[in-house]
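In case you want the letters, here they are:
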Amino acid sequence: MSKLLRKPNTEETSAGVTIVHDVTSGNSPLEYVRFKVVDLAPGALYKEELGKWECCIVALTGKINVTDQEQTFENLGTRESVFEKKPTDSVYVSNDRTFEVTAVNSARVVLCYSPSEKQLPTKLIKAENVGVEHRGKYNNKRMVHNMLTDSDSSANSLLVVEVYTDGGNWSSYPPHKHDQDNLPHESFLEETYYHEMNPRQGFVFQRVYTDDRSIDETMTVENGDVVLVPAGYHPVGVPDGYDSYYLNVMAGPTKIWKFHNDPAHEWILDRK
Ligand SMILES: O=C(O)C[C@@H](O)[C@H](O)C(=O)CO
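Residues numbered from 1 in each chain as written. Predicted model: local features only at pLDDT ≥ 70, side-chain atom pairs only at ≥ 80, totals over all residues. Heavy atoms only, no water.

The name recorded for the protein in an unreviewed UniProt entry is 5-deoxy-glucuronate isomerase, from Niallia endozanthoxylica. Annotation of the protein in UniProt includes, under Pathway (unreviewed entry), the sentence "Polyol metabolism; myo-inositol degradation into acetyl-CoA; acetyl-CoA from myo-inositol: step 4/7." The record held by UniProt for the protein lists under Sequence similarities (unreviewed entry) the comment "Belongs to the isomerase IolB family." (UniProt positions renumbered as here; feature names shortened; annotations may be inferred.)

Written out as structure tokens, the structure is:
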């Protein structure tokens, strides 16, 4: 299996808590992005001291309470399935704080991290304040939920978006990359993809490749998988009959998303 593809863990880690994914700099090629998916049974508690990491806690499905031990936000979460295709609530918690998440009912929580030194206020990102964007034409249509964008000063480094791609379409396409710290032309941002499919037995294909092909992996991605993008172009193709959801976390030395399209395929954008 590709080193860039991670399968979900289904074994309970402690009472009512399953760490489905845990991508760290120790077990991956990523230095700027850490990523975790946690399943909580009703009433279960997950607690973490952040140290020098900022974190965006996404109420992916189900309902949760979140506290940073000063403020508490209750009944966060808007959906039972990501395929309800409506935005959800998140909480931004800065470095050097401790947070707790308690499940009100059965919940899946996504934790998105990047290195951070400067403390910022804890912030509730309410579903109704998440920007919804429609991109693309022909078979390149997708819908994006912008939870933390590069123009949002709520976080130091983190970018978090959700992307819906209907069956038969492509996204992160034409292929683009952001692996050179060469602004204003291109920024360096690592990225993770957390994928789901509807119906859940579906699969999508994701290719991650660099110009020199030192990375060139084409992966069959199934429900609940994570794909790591340390560098390179990273398009996603979705077979007919199945809808795709993914959540992206991006971070790097500068919080600017300035991507570079693969020149071989950029013409896709110029079609009338
Ligand atoms: O517009 C899309 O297809 C989504 C992608 O831009 C995705 O968020 C990404 O690849 C970011 O670099």
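Having seen the structure, we can now continue with the description.
This part takes up the sheet that holds strand 7 (residues 72-76). Spatial strand order, 4-9-6-7: four strands in an open sheet with antiparallel pairing. At either margin of the open sheet sits one strand with a lone partner, and together these are strand 4 (45-49) and strand 7. Direction aside, the axes of adjacent strands within the sheet are offset by 15° on average. (Pairing = 2+ DSSP bridges. Helix = DSSP H or I, 4+ residues; strand = E, 2+ residues; numbered from the N terminus. Axes fitted to C-alpha atoms, helices over the stretch in contact; angles between N-to-C directions.)

Okay, the pattern of salt bridges next. Evaluation of the coordinates by the stated rule reveals 16 salt bridges. Lysine 36 is the salt-bridge partner of glutamate 48, the closest N and O atoms lying 3.1 Å from each other. Taken together, the residues span a long stretch of sequence, with glutamate 48 in strand 4 and lysine 36 in strand 3 (residues 34-40) at a distance of 12 residues. Residue class for glutamate 48 comes out buried when judged on its relative accessible area of 9%. Among the residues examined, lysine 36 registers a relative accessible area of 7% and is labelled buried. With a closest N to O distance of 3.8 Å, lysine 47 and glutamate 100 form a salt bridge. Here lysine 47, found in strand 4, pairs with glutamate 100, found in strand 9 (residues 98-103); they are 53 residues apart in sequence, far enough to count as distant. (Salt bridge = Lys/Arg side-chain N within 4 Å of Asp/Glu carboxyl O. Buried < 20%, exposed > 50% of the residue type's maximum accessible area, 1.4 Å probe, protein only.)

Taken together, 15 residues sit near the ligand, with Arg135, Arg142, Ser172, His178 and Asn248 positioned nearest. Within the contact set of the ligand, an oxygen atom lies 3.1 Å away from a side-chain nitrogen or oxygen of glutamate 191. In the environment of the ligand, an oxygen atom lies 3.0 Å from a nitrogen or oxygen atom belonging to the side chain of histidine 234. Look at the ligand: alone it shows 320 Å² of surface, and the protein chains cover 98% of it. For the shell around the ligand, the elements supplying multiple residues, two or more each, are strand 14 (159-165), strand 19 (190-198) and strand 24 (243-251). Take the shell around the ligand: its biggest share by element is three residues, from strand 24. Grouping the amino acids of the shell around the ligand by side-chain chemistry returns six nonpolar, six polar and three charged. (Near = heavy atom within 4 Å. Polar contact = N/O pair within 3.5 Å; in protein donor to acceptor, adjacent residues only side chain to side chain. Areas by Shrake-Rupley, 256 points an atom, 1.4 Å probe, with all protein chains shown as cover. Nonpolar A, V, L, I, M, F, W, Y, C, P; charged D, E, K, R; others polar.)

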